[in-house]
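One letter stands for each residue in the lines below.
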Amino acid sequence: MKQAIMIGAGNIGRGFIGALLEKSGYHVTFADVAENLISAINERKSYTVHIQDRECAEWTVTNISGISSANQELVDAIAGDCELITTAVGLRILPIVAKPIAAGIQARKTVGSTQLLNIVACENAVRGTSQLRDAVFTHLSEEEIAYAKEYVGFADCAVDRIVPKASFENPLDVAVEQYTEWDVEKGGWKGELPGIEGCSFVDDLSAYIERKLFTLNSGHAICAYLGALRGHRTIVESIADPAIGNLVYKAMCESGEGLIRKFGFDPEAHHAYIDRIFARFQNPFLEDETLRVAREPIRKLAPTDRLIKPLVTAFGFGLGVDHLIFGAAAALRFQCPEDEQSVELMKKIESEGVEKALEEYTGLKPEDALFVRILDVYRALAL
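Residues numbered from 1 in each chain as written. Predicted model: local features only at pLDDT ≥ 70, side-chain atom pairs only at ≥ 80, totals over all residues. Heavy atoms only, no water.

Novice: Which parts of the structure should I look at to understand the overall build of the chain?
Specialist: Within the chain one finds 17 helices and 12 strands. For 383 residues, the compact-globule formula gives about 21 Å, and the C-alpha radius of gyration of the chain, at 22 Å, lands near that figure. Along the three orthogonal principal directions, the C-alpha set of the chain runs to about 65 × 50 × 45 Å. With 383 residues in all, the chain has 55% of them scored as buried. Considering only intrachain contacts with a sequence separation of at least 6, the fraction spanning at least 24 residues in the chain is 71%. (Helix = DSSP H or I, 4+ residues; strand = E, 2+ residues; numbered from the N terminus. Rg over C-alpha atoms; globule rule 2.2 N^0.38 Å. Buried < 20%, exposed > 50% of the residue type's maximum accessible area, 1.4 Å probe, protein only. Contact = heavy atoms within 4.5 Å.)

Structural data, given as structure tokens:
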């Protein structure tokens, strides 16, 4: 039987990637530092994925087991007949899991294994697998790196599925939305491409990464920052506010026009994609809190992230950005004492002025036309 290791047994690991792998004929070994979670997997041996959307459904995942990712168990599992490793641990944890992955690769080389192994980091990050690969290679010798380059594939991917909060009698059960997207770049894969339900293998991942960034991530963030300003607790409440929902949709269309110009997307197909994403924000089961989506505003104001890059791209093609402008302006007004980046941003604005903060965090210059326009909207939001 095909063997896969899912590092990270949280809701995304169980409800998205691990569930799709099990559905596609893999035995899925979940690896996690949470001992109670691993114990529950080995004791219960199954869980149910509940689709909570306009149409509800469920299915049971059974072909599973659990191991600790904090000791030799994970290394031994990788050293065995595993053919696929996926992660859902968060970008910050990837350098930590790189060490046991490297040890597993070393063990495979020691026994002379020529079985191909593919690794896919399913994180909400750009080129997460490449970052994991680089971290793994820091633990390997030149000879071991040469072995890894021959027998281990590191395939970047883009993933998209929202997991709403829910509680069930079985603590392993998980709720997910209907929508799912998992695009894996062919170039990093070793060997024959497998058939994995819900997974698409693509030639160039860049277009899919930016499509998500410019549409889901951008629209989500703009909705959150505007919702926070108007006192809304959730994304559902925010998008239902006519003053916000209409603006967010138009902003997504503006960024979409930039994508159409940049990648040659079919306009009709891309606007249908925008409609699907916008509809997800209205899912009543997704109790997505505005403060959670809005957190880390400094990261989200970076030149390559969801607020500035879509704005600069569309503007660079001479397109209208009257609604996209609100994203950066509202982010500069985000105040959350529990969020370190929000605190830092507010201190910067108070001590050095909003102009300095805008320049430092976005990379835009005072002489840029967008710089002035963002400041105009920023000041208008205080009225």
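Having seen the model, we can carry on.
Novice: Got a minute to help me understand the layout of surface pockets in this structure?
Specialist: In this approach a probe as big as a water molecule rolls over the atoms, and the regions it shows empty are the leftover space. Quantified by volume, the second largest pocket comes out at close to 200 Å³. V33, S69, V89, I93 and V97 are the residues nearest the centre of the second largest pocket, which is lined by 14 residues in total. Contributing elements (two or more residues each) for the lining of the second largest pocket: β2 (26-32) and α4 (94-110). The dominant element in the lining of the second largest pocket, judged by the number of residues it contributes, is α4, at 3 residues. Among the residues forming the lining of the second largest pocket, the class breakdown is 11 nonpolar, 2 polar and 1 charged. (1 Å grid on protein atoms, 1.4 Å probe; cavity = no way out; pocket = protein on both sides within 12 Å on 5 of 7 lines; lining within 4 Å. Points joined across faces, edges and corners; volume = space filled by probe spheres on them. Nonpolar A, V, L, I, M, F, W, Y, C, P; charged D, E, K, R; others polar.)

Novice: Looking at this structure, how should I read the pattern of salt bridges?
Specialist: Opposite charge on two side chains permits them to pair, given that their charged atoms come into close proximity. Overall, the coordinates contain 22 salt bridges when judged by the stated rule. D322 serves as the salt-bridge partner of R373, at 2.6 Å between the closest nitrogen and oxygen. With R373 in helix α17 (residues 369-380) and D322 in the loop between α13 (308-316) and α14 (325-331), the pair connects residues that are 51 residues apart, well separated along the chain. The partner of K348 in a salt bridge is E360, and the shortest N-O contact between them spans 2.8 Å. On the criterion of sequence distance, the pair formed by K348 in helix α15 (residues 340-352) and E360 in helix α16 (residues 354-362) is long-range, its members being 12 residues apart. Its relative accessible area of 43% is what places E360 among the partly exposed residues. Taken together, the salt bridges that share partners define one network made up of R127, D156 and E185. (Salt bridge = Lys/Arg side-chain N within 4 Å of Asp/Glu carboxyl O.)

Novice: How do you make sense of unusual backbone geometry when you look at a structure like this?
Specialist: Both trends apply: most residues other than glycine have a negative phi, and most peptide bonds are in trans. A positive phi angle, close to 65°, is found at K45, a residue other than glycine. Here K45 lies in the loop between α2 (35-44) and β3 (47-51). A positive phi is found at E296, a non-glycine position, where the angle reads about 60°. Within the secondary structure, E296 sits in the loop between α11 (290-294) and α12 (297-300).

Novice: Help me understand the packing of aromatic side chains, please; the structure alone is not making it clear to me.
Specialist: How two aromatic rings sit relative to each other is set out by the distance from centre to centre and by the angle between their planes. Within this structure, the stated rule accounts for 7 aromatic pairs. Ring plane angle 80° and centroid distance 5.2 Å describe the contact between W189 and F201, whose orientation is recorded as edge-to-face. One end of the pair, W189, is in the loop between β11 (181-185) and β12 (199-202); the other, F201, is in strand β12, with 12 residues separating them in the sequence. Residue class for F201 comes out buried when judged on its relative accessible area of 16%. (Phe/Tyr/Trp six-rings, centres within 6.5 Å; stacked < 30°, edge-to-face > 60°.)

Novice: What's the story with helix α7 (residues 206-229) in this structure? I'm lost.
Specialist: The α-helix advances 3.6 residues per turn, and as a result positions three or four apart in sequence lie on the same side. The first and last C-alpha atoms of α7 sit 33 Å apart over 24 residues, in line with the 34 Å expected at 1.5 Å per residue. Taken as a whole, α7 carries its principal kink of about 30° at S218. In terms of residue burial, α7 counts as a mostly covered element, since 20 of its 24 residues are buried. The first or second residue beyond α7 is G231, which carries a positive phi of 80°. (Expected span 1.5 Å × (residues − 1). Bend = angle between axes of the 7 residues up to and from the residue.)

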